[in-house]
Amino acid sequence: MFGMRSRNIGIDLGTANTIVYVDGKGIVLREPSVVAKKVATGEVVAVGEQARAMIGRTPGSIKAIRPMKDGVIADYDTTAAMMQYFLKKAVGNAKPSVMVCVPSGVTEVEKRAVIEAAQHAGARDAYLIEEPFAAAIGAGLPVMDPTGSMVADIGGGTTDVATISLGGIVSSRSIRMAGDKFDESIIAYIRQEFNLLIGERTAEQLKMEIGSASIEKAAELPGMSIRGRDLVSGLPKTVDLKAEDVAKSIHEDIEEIVNAIKETLEETSPEIAADVIDHGIVLTGGGALLKNLAEVISDSTKVPVFVAQDPLDCVAIGTGESLKNLDVIKKHR
């Protein structure tokens, strides 16, 4: 279809991480969506893992930034430079056909920006696919069948919820509430309760290691020692945190995600709702790995909830796989 098969590429251009899928090879690259630039000249110093290591540790002359915000491009030039770096790393100087995923609620202007950034980065052709649809394909759901499937993709910047049938999205919600917001809530809670200032990376570590969607279940998890800056003395300080503290800090965020899932369910036809009750809701994205999340959603919706097999990779795999059905994707755009 496009000459060399291996040159079809799917990119999950995420707020937190970018994952690149190459047709015939699978996932070839998984790096943080971070770029380090020189403040004076705008010259790119590092991208991905190297740039992420610099967050919060750069001298005044270098700035580490995340060019994607809430799943969309916040800094066009930096995003294009980042995509160029990732494409070169994945396929060398080849000019691939690229499928990029976007959150389900993005505007036409935001879509155009993603396509232009991909072309600017060296793509021969660039196409878009909506995130929950890509997630459903990657999770192995029967998206082309006349049966309803439901997916909730909880990423870094957005949570995208959709019911899907016959190759299209029936009802969907995209909310700017996901992994990054969890980190912010953890930072704010620790600042308020312990007078301690911690960085993004510490907050993320807390979320991944002892975070739980259920305050009750968090009691069974171990605590964790964290270091930060005491806001009273201004000096470094260590605090022992309980898992319940982390669960409390993100409790409202979790409720917002549950409400988005409920609202999407309420909008669907009785037939699709019946299919969802039979097959359950599938969770994808990094947020799906939060402990006890599936149970909390299931208790609230009274529908079975499962975490996809490779939740972090579903969107990238689905994005790459969708290039094989390009005519269908074009029809539903």
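Since we're looking at a predicted model, the values are computed, not measured.

(A) Looking closely at the domain arrangement of the chain. According to the domain assignment, the chain contains domain 1 (8-133 + 314-330), domain 2 (141-177 + 251-309) and domain 3 (179-249). Each partner contributes residues to the interface: domain 1 has 16 residues there, and domain 2 has 19 residues. For the pair domain 1 and domain 2, the summed buried surface comes to about 1,300 Å²; carbon and sulfur atoms form 65% of the total. Summed over the three residues of domain 1 that lose the most area to domain 2, namely Asp-70, Pro-132 and Phe-133, the buried surface amounts to 45% of that side. Between domain 1 and domain 2 we count one salt bridge in total. One salt bridge in this structure joins Asp-70 and Arg-176, with 3.6 Å as the shortest N-O distance. One can count two residue pairs in polar contact (both at pLDDT 80 or more) joining domain 1 with domain 2. Of all the elements in the fold, those that place two or more residues in the side of domain 1 that touches domain 2 are α4 (131-138) and α11 (314-322). Counted by class, the side of domain 1 that touches domain 2 contains eight nonpolar, four polar and four charged residues.

(B) Structural context of unusual backbone geometry. A positive phi angle, near 50 degrees, is found at Asp-70, a position not held by glycine. Relative to the assigned elements, Asp-70 resides in the loop between β7 (68-69) and β8 (72-73). One non-glycine residue, Leu-166, adopts positive backbone phi at about 50 degrees. As for its position among the elements, Leu-166 is in the loop between β12 (159-165) and β13 (168-175). Since its relative accessible area comes to 52%, Leu-166 is described here as exposed.

Quick notes on the rules
Residues numbered from 1 in each chain as written. Predicted model: local features only at pLDDT ≥ 70, side-chain atom pairs only at ≥ 80, totals over all residues. Heavy atoms only, no water. Domains from an automatic or database assignment. Contact = heavy atoms within 4.5 Å. Buried area = accessible area lost by both parts, 1.4 Å probe. Salt bridge = Lys/Arg side-chain N within 4 Å of Asp/Glu carboxyl O. Polar contact = N/O pair within 3.5 Å; in protein donor to acceptor, adjacent residues only side chain to side chain. Helix = DSSP H or I, 4+ residues; strand = E, 2+ residues; numbered from the N terminus. Nonpolar A, V, L, I, M, F, W, Y, C, P; charged D, E, K, R; others polar. Buried < 20%, exposed > 50% of the residue type's maximum accessible area, 1.4 Å probe, protein only.

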